[in-house]
Amino acid sequence: MRIPRNLEVWKLGTLNYLEALKLQEKLASDRKISKISDTLLSLQHPPTYTLGKRRTDYNLLIPESELKSMGAELHYTQRGGDITFHGPHQAILYPIISLREIGLGARKYVENLESTMIDLASIYGVKAHGQRKCETGVWVGERKIGAIGVRISSGITSHGLAFNIDPDLSYFKHIVPCGIADKDVTSLAKETDIVLPDEEVVQEQLVSCFVKLFGYENVVWKKKELSRLMDD
């Protein structure tokens, strides 16, 4: 008899990148020893640029010293992928899940993350697609609407996806987004004629698309306060 799969969803609002990174590391360690069940973090970040483990600094097009004056931070990570931007009005999901228990390989996992964003876009009449050759993420035509950068350690995932609801796209002009020089970045607000609901609703829809694609039967939603994050 198949055991129902459980997922705990943490709604974190806006969270500083380093705080979110520290939280992911703790949860991934707990998940490796089965101290917790699969967990999904749903949040947004203040303006932040992040680099993957390949350290492609050359794709940052302005001096790092100028970032502070823009109100933005730069952080180096151990995820895959190239440089990207995170900021307000962008929906972020960080899954801390066991691929071994789900029975997924790394490639299928990334495909499911792409499909999660494609399904969300379709709710608003936007035809998005993934699976570009050697380019992960989700696109509307030649414009990128969703980015993916993951880390998998001992079969446990961290980092994840970022979907542009309505961020300030000018921040992307200071980088070569995901190392792809000849493609634009777009957002759900730019691509749909439908009036978008509150962003919290859109983020919950993104979570629901994730839940459906990954086949979770039991989902518990929790709204977490920052002061309690590391104590649970």
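To keep things clear, this report deals only with the structure shown in the data block. (Residues numbered from 1 in each chain as written. Predicted model: local features only at pLDDT ≥ 70, side-chain atom pairs only at ≥ 80, totals over all residues. Heavy atoms only, no water.)

Concerning the packing of aromatic side chains
Rule in force here: The rule is short: rings of Phe, Tyr and Trp, with Trp giving its six-membered ring, pair when the centres are within 6.5 Å, and they are stacked under 30 degrees, edge-to-face over 60, tilted in between. The secondary structure listing takes helices from DSSP runs of H or I that are at least 4 residues long and strands from runs of E that are at least 2 residues long, numbered from the N terminus. Burial here depends on accessible area, computed with a 1.4 Å probe over protein chains only, as a share of the maximum for the residue type. Under 20% is buried, over 50% is exposed, and the range in between is partly exposed.
Scanning all chains against the criterion turns up six aromatic pairs. An angle of 55 degrees between the planes, with centres 5.2 Å apart, marks the rings of Tyr49 and Phe85 as tilted. Here the residue Tyr49 occupies a position in strand S3 (residues 48-51), and Phe85 occupies one in strand S5 (residues 84-86), the gap between them amounting to 36 residues. Residue Tyr49 shares its accessibility class with Phe85, and that shared class is buried.

Comments concerning the packing of helix H3 (residues 106-123) against helix H5 (residues 199-214)
Threshold: All axes here are fitted lines through C-alpha atoms, helices being fitted over the stretch that makes contact, and every angle between N-to-C directions spans 0 to 180 degrees. Note on terminology: angles under 35 degrees are roughly parallel, angles over 145 are roughly antiparallel, angles of 65 to 115 are roughly perpendicular, and the others are oblique. Crossings are assigned a handedness: left-handed for a near helix turned anticlockwise from the far helix by less than a right angle, right-handed for a clockwise turn. The contact criterion used throughout is that any non-hydrogen atoms of two residues lie within 4.5 Å. For this classification, the nonpolar set comprises Ala, Val, Leu, Ile, Met, Phe, Trp, Tyr, Cys and Pro, the charged set comprises Asp, Glu, Lys and Arg, and every other residue, Gly included, is treated as polar.
Packing of H3 against H5 brings their axes to within 9 Å, and their N-to-C directions diverge by 135 degrees. On the basis of the axis angle, H3 is oblique to H5. For the pair H3 and H5, the crossing hand works out as right-handed. Contacts between H3 and H5 pair Tyr109, Asn112, Leu113, Ser115, Thr116, Met117, Asp119, Leu120 and Ile123 from the former with Val202, Gln205, Leu206, Cys209, Phe210, Leu213 and Phe214 from the latter. Residue classes in the contact of H3 with H5 are distributed as 11 nonpolar, four polar and one charged.

Things to note about the environment of Thr77
Summarising the element assignment, Thr77 is placed in the loop between strand S4 (73-76) and S5. Linking Thr77 and Leu18, residues 59 residues apart in sequence, is a C-alpha distance of 10.0 Å.

Details of the pattern of salt bridges
Test applied: Put simply, a salt bridge is a Lys or Arg side-chain nitrogen that is within 4 Å of an Asp or Glu carboxyl oxygen.
Throughout the structure, instances matching the rule amount to eight salt bridges. When the shortest N-O distance is used, the salt bridge between Glu200 and Lys11 registers 2.8 Å. Remark: Lys11 occurs in strand S1 (residues 6-14) and Glu200 occurs in helix H5; sequence separation between them is 189 residues. Relative accessible area serves as the criterion here: at 39%, Glu200 is assigned to the partly exposed category. Given the relative accessible area of 19%, Lys11 is considered buried. With its nearest N and O atoms 2.9 Å apart, the salt bridge here joins Glu101 to Arg31.

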